[in-house]
Amino acid sequence: MGYSSKSPWLIHYDGSSCNGCDIEVLDSMMPLYDIERFGIINTGNPKHADIFLVTGSVNHQNISVVKEIYDQMLEPKVVVACGICACTGGVFRDCYNVIGGVDKAIPVDVYAPGCAVRPETIIDAVLKAVDILDEKAKKLKAEKGRG
Ligand code: SF4
């Protein structure tokens, strides 16, 4: 188990959205908000990631992609729904091709609402996710110890 709460890595996927929250996620990684000061690094590889940040809603076209990224991540892992579209489907929820929020595809650990979600909210949600990740890591370790 390679996870360390001092250096959790995240992967970001933008579903069906206006790209507003997508830009805010990038903003949270830039020097002004600087999510890296918490040791958090953005990766493009699900197998390296501990935290899955999803913006935008889930639709019939992208649901398999969301599931695929999640399935490729190793345990322990956490999911953060960023923005109201990712939380519930938001302004797109009545669109013919939209299924809803990210939790229609995979389990969500932290909901970060907003339209667009603020970088401060994203960072707050990611830090909550790190706490949940720690709990999951402890549980996993205990289960392995029992096995
Ligand atoms: S929550 Fe608002 S800003 Fe974010 S993707 Fe949806 S419509 Fe765009």
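Presented here is an overview of the structure given in this document. (Residues numbered from 1 in each chain as written. Predicted model: local features only at pLDDT ≥ 70, side-chain atom pairs only at ≥ 80, totals over all residues. Heavy atoms only, no water.)

**Here's the deal with the pairing of strand β3 (residues 51–55)**
Piece 1. Burial within β3 is extensive, with five of its five residues counted as buried.
Piece 2. With burial as the criterion, each face of β3 is covered, one bearing Ile51, Leu53 and Thr55 and the other bearing Phe52 and Val54.
Piece 3. Here strand β1 (residues 9–14) runs beside β3; their pairing, made up of five bridges, is parallel. When the sheet's bridge partners are listed, Tyr13 is paired in β3 with Val54.
Piece 4. Bridging between β3 and strand β5 (residues 78–82) involves five bridges; their strand directions are parallel. Looking across to β5, one finds that Leu53 is bridged to Val80. (Buried < 20%, exposed > 50% of the residue type's maximum accessible area, 1.4 Å probe, protein only. Helix = DSSP H or I, 4+ residues; strand = E, 2+ residues; numbered from the N terminus. Pairing = 2+ DSSP bridges.)

**So, the side chain of Asn59**
Piece 1. Mapped onto the elements, Asn59 comes out in strand β4 (residues 58–59).
Piece 2. For Asn59, the side chain forms a polar contact with the main-chain nitrogen of Asn62, separated by 2.7 Å. (Polar contact = N/O pair within 3.5 Å; in protein donor to acceptor, adjacent residues only side chain to side chain.)

**Here we look at the site of the ligand**
Piece 1. Close to the ligand lie Ser17, Cys18, Gly20, Cys21, Ile84, Cys85, Val91, Gly114, Cys115 and Ala116, which account for all nearby residues.
Piece 2. Of all elements in the fold, only α1 (20–29) and α3 (84–88) reach the threshold of two or more residues within the shell around the ligand.
Piece 3. Class assignment of the residues belonging to the shell around the ligand gives a composition of seven nonpolar, three polar and no charged. (Near = heavy atom within 4 Å. Nonpolar A, V, L, I, M, F, W, Y, C, P; charged D, E, K, R; others polar.)

**A word on the packing of α1 against helix α4 (residues 119–146)**
Piece 1. It is the contact of α1 with α4, at a shortest axis distance of 8 Å, that shows an interaxial angle of 70°. By the angle between their axes, α1 is roughly perpendicular relative to α4. Between α1, through Glu24, Val25, Asp27 and Ser28, and α4, the contact on the second element is made entirely by Pro119, Ile122 and Ile123.
Piece 2. For the contact of α1 with α4, the residue count by class is four nonpolar, one polar and two charged. (Axes fitted to C-alpha atoms, helices over the stretch in contact; angles between N-to-C directions. Parallel < 35°, antiparallel > 145°, perpendicular 65-115°, else oblique. Contact = heavy atoms within 4.5 Å.)

**A closer look at α4**
Piece 1. In a regular helix each residue adds 1.5 Å, so 28 residues correspond to 40 Å; α4 covers 40 Å between its end C-alpha atoms and thus fits that length.
Piece 2. What α4 keeps buried is the set Pro119, Ile122, Ile123, Ala125, Val126, Ala129, Val130, Leu133 and Ala137.
Piece 3. Residues of α4 that are buried sit in contact with α1, β3, β5 and β7 (110–112). (Expected span 1.5 Å × (residues − 1).)

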